[in-house]
Amino acid sequence: MTQSAPIATTPAPHAMTPDTATVPLARLAHGRTGDKGNTSSISVIAYEAQHWPLLVEQVTEARVAELFASRRPTRVTRYLLPRLQAMNFVLHDILEGGVNDALNLDAHGKSLSGLLLTLPVLTPTVAHSVSLPAPQGGRRPAWGGPAPA
Amino acid sequence: MSSTPPPLLIGCGAGFSGDRWDAAVPVVRTLLARGGPAVLMFETLAERTLALAQLQRRQNPAAGFEPTLERFIRPVLADCVRHGIPIVGNFGAANPRGAAACLQALAAELGLGALRVGVVEGDDVLAQMNPDQLAQVRGPRSDAPVSANAYLGAQGIAACLRAGAQVVVTGRVADPALALGPLLAHFGWADDDWDRLAAGTIAGHLLECGAQVCGGYFADPGLKDVPDLAHVGFPVLEVQADGRFVVGKAEATGGCVDERTVKEQLLYEIHDPAAYLTPDVVADLSEVTLQTLGPDRVLVSGVRGHARPDTLKTTACFEGGWLAEGEISYAGPNAVARARLAAQVVRSRLAELAPGLQPVRCDLIGVASLFADDAGTWAADQYGLEPAGLMQDVRLRVAARASQRSEAELLTREVLALYTCGPAGGGGVRSAITPRLASESWFVPRAWIKETWSLL
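Reference entry: report on the structure contained in this document. (Residues numbered from 1 in each chain as written. Chains lettered and ligands numbered in written order. Predicted model: local features only at pLDDT ≥ 70, side-chain atom pairs only at ≥ 80, totals over all residues.)

Moving on to the overall build of chain A. Across its full length, chain A carries 4 helices and 8 strands. A sequence separation of at least 24 residues applies to 69% of the contacts in chain A between residues at least 6 apart. (Helix = DSSP H or I, 4+ residues; strand = E, 2+ residues; numbered from the N terminus. Contact = placed C-beta atoms within 7 Å.)

Written as structure tokens, this is what we have:
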């Protein structure tokens, strides 16, 4: 499955009910960015196996393409690894030429997993309260996402 | 003696050229304590490093290998030689024989006698292709490349080890080959035993970035806590004859190895996990499973492999002009507005003085920089004026590409001149002008490239 440019806008799951909460993806998953030339690959790995179906449903090629729209990806591909509860996103042509050519301070794009992990995800509050790691010191999460419900 | 060889321990002493010089010491201590056959690998050759090394060699024929090779090897060479632990590294860069001479001199200085160094060559494709072949594989650029090196596989390394090398020096090889080579020599896996070749390749893939599989590049306070990150250990893998392996780390070090760290590194820089292309095999991670055996011990199994590609990936580097960067900070009330004004001043001046410097990128470090694109679209969308207006300590960074150094200097001069000609209270100007390399990936038929190895 491949999403080609121009990227269509996909509505984020903002609809909240008393039983759900929107949290940044960083609360449910971790990830790491790698680069090859002008292409970035970013993994998204569920902390808990129980959240895997929710990630598959909501962390889609279309929503990731939208999140990175200002980088003008020519192609966004998602690969699923259900045995590891992990997925790998490959975002083509988003590094402004890559490490040899980009003007960005972070020419490798190593920080971009931090952008992907801001993606809002709608979770059932039961799962939310049971298994999510709490932010330290009662502060707002450092990544600037919504405060816990 | 059993017909199945015992497991091979592979430790990693460096994951890139800038890695810690002392990281290999606890790794070697662990290999010695655990006993049995063992190898130490060093990966110090990034995508661009080889072109930089080629430029160094042009200036000095004795240079062109890892500049800090001696700092990496001196702390561990005596132990490795005395206990029969071969060292394998791609620290030869553009001059593997120069690196070999350096290591032999070091061994003599340490009283270790004559060091048997194996050298793998043949990655330099410019020396091997005729103009017709070059025309077939090269990309859109028409200028002369500074360097073009194919990613060689593991066979040359294995041959050197079988011949008794105490150290194997390579130029460009696929990073995982630094582990697969020793595994081929140790287990005698067949050249088309794709599942085992793939398993050894993935073992190498997990090792090749050093601490990145042991809690480095991983820690995230409150979410992914890593004990004693300051002393993060480097990886030690125990690979079995059937290709399954246990990921661990050097003893008495910080960091951690668990299923999370292994998963992150497993997918690092991999595109399609079902088809990870290397010169030795196409590795398939679809069926990989992890099992925690104990603290800092994760068993990896289920790696599958398919026949290797017909072509060798080659990175060609070209001279790429200059990167000009200048920075200045603003703090206190209205700091963001002053930094934005400073950006406008520099943009206006450069448009008049150096119209060739386009685009001129401006970041407000502390407000928006890393996630932004050159045009600043992301920053404008995300922040507008409101939250940014509250920031009281921001740093303006201005950057542009220049074809000439003199043009790059115009940018750094304009940022410096903000001291007296810019907005109120600008401080802390720093600037840098850096030569750049551009690159292309070529795919060269194997038959055109002759990999060679020799024992010095």
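Next up on the list: the packing of helix 7 (residues 155–162) of chain B against helix 8 (residues 177–187) of chain B. All names here are of chain B. Running from N to C, helix 7 and helix 8 cross one another at 45 degrees; their axes reach a closest spacing of 7 Å. In this view, helix 7 runs oblique relative to helix 8, as classed from their interaxial angle. As for the relative orientation of helix 7 and helix 8, their crossing is right-handed in sense. Across from I157, A158, L161 and R162 in helix 7, the residues of helix 8 making contact are A177, L178, G181, P182, L184 and A185. (Axes fitted to C-alpha atoms, helices over the stretch in contact; angles between N-to-C directions. Parallel < 35°, antiparallel > 145°, perpendicular 65-115°, else oblique. Left-handed = near helix turned anticlockwise from the far one by under 90°.)

Moving on: the nonpolar core. V44(A), L116(A), L40(B) and I157(B) are the most contacted members of the largest nonpolar core, which totals 181 residues. Counting residues per element, this core draws most heavily on strand 14 (residues 311–331) of chain B, which supplies 9 residues. In contact with V44(A), not counting residues within four places along its chain, are L25(A), A29(A), G31(A), L55(A), V59(A), A86(A), M87(A), F89(A) and L116(A). (Core = buried A, V, L, I, M, F, W, Y, C linked by C-beta atoms within 7 Å. Buried ≥ 20, exposed ≤ 12 C-beta atoms within 10 Å, placed from the backbone.)

All names here are of chain B. Read across the sheet, 3 strands follow the order 9-10-13 without closing on themselves; strand pairing throughout is antiparallel. With partners counted over all chains shown, the strands left at the sheet margins are strand 9 (276–277) and strand 13 (304–306), one partner each. In terms of strand pairing, strand 10 (residues 282–284) meets strand 13 through 3 bridges, oriented antiparallel. Paired with D284 across the bridge in strand 13 is R304. Across the sheet, helix 9 (residues 194–207) is in contact with strand 10 and strand 13; its angle to strand 13 comes to roughly 115 degrees. (Pairing = 2+ DSSP bridges.)

Before going further, it helps to examine the packing of helix 11 (residues 335–353) of chain B against helix 14 (residues 405–416) of chain B. All names here are of chain B. Helix 14 packs onto helix 11 with a crossing angle of 145 degrees between their chain directions and a minimal axis gap of 10 Å. The handedness of the crossing between helix 11 and helix 14 is right-handed. Seen from helix 11, the contacting residues are V346, R349, L350 and L353; seen from helix 14, they are L410, L411, E414 and V415. Residue composition of the contact of helix 11 with helix 14, grouped by class: 6 nonpolar, no polar and 2 charged. (Nonpolar A, V, L, I, M, F, W, Y, C, P; charged D, E, K, R; others polar.)

Take the interface of chain B and chain A next. In this complex, chain B contributes 43 residues to the contact, which on the side of chain A involves 31 residues. Mapped by element, the contributors of at least two residues to the side of chain B that touches chain A are helix 10 (259–266), strand 11 (289–294), strand 15 (361–365), helix 12 (377–383), strand 16 (393–402) and strand 17 (427–445) of chain B. The biggest single contributor to the side of chain B that touches chain A is strand 17 of chain B, with 5 residues. Looking at the side of chain B that touches chain A, its residues break down into 17 nonpolar, 9 polar and 17 charged.

What follows covers helix 14 of chain B. Residue and element names in this part refer to chain B. Under the 1.5 Å per step criterion, the end-to-end length of helix 14 is 17 Å for 12 residues, consistent within 8% with the ideal 16 Å. Taken together, the buried positions of helix 14 are occupied by E407, A408, L411, E414 and V415. With its buried residues spanning 120 degrees around the axis, helix 14 presents them on a single face. More than 90 degrees from the buried face of helix 14, the exposed residues found are R405 and S406. Looking at the buried positions of helix 14, the neighbouring elements they touch are strand 14, helix 11, strand 16, helix 15 (418–421) and strand 17. (Expected span 1.5 Å × (residues − 1). Arc of directions from axis to C-beta.)

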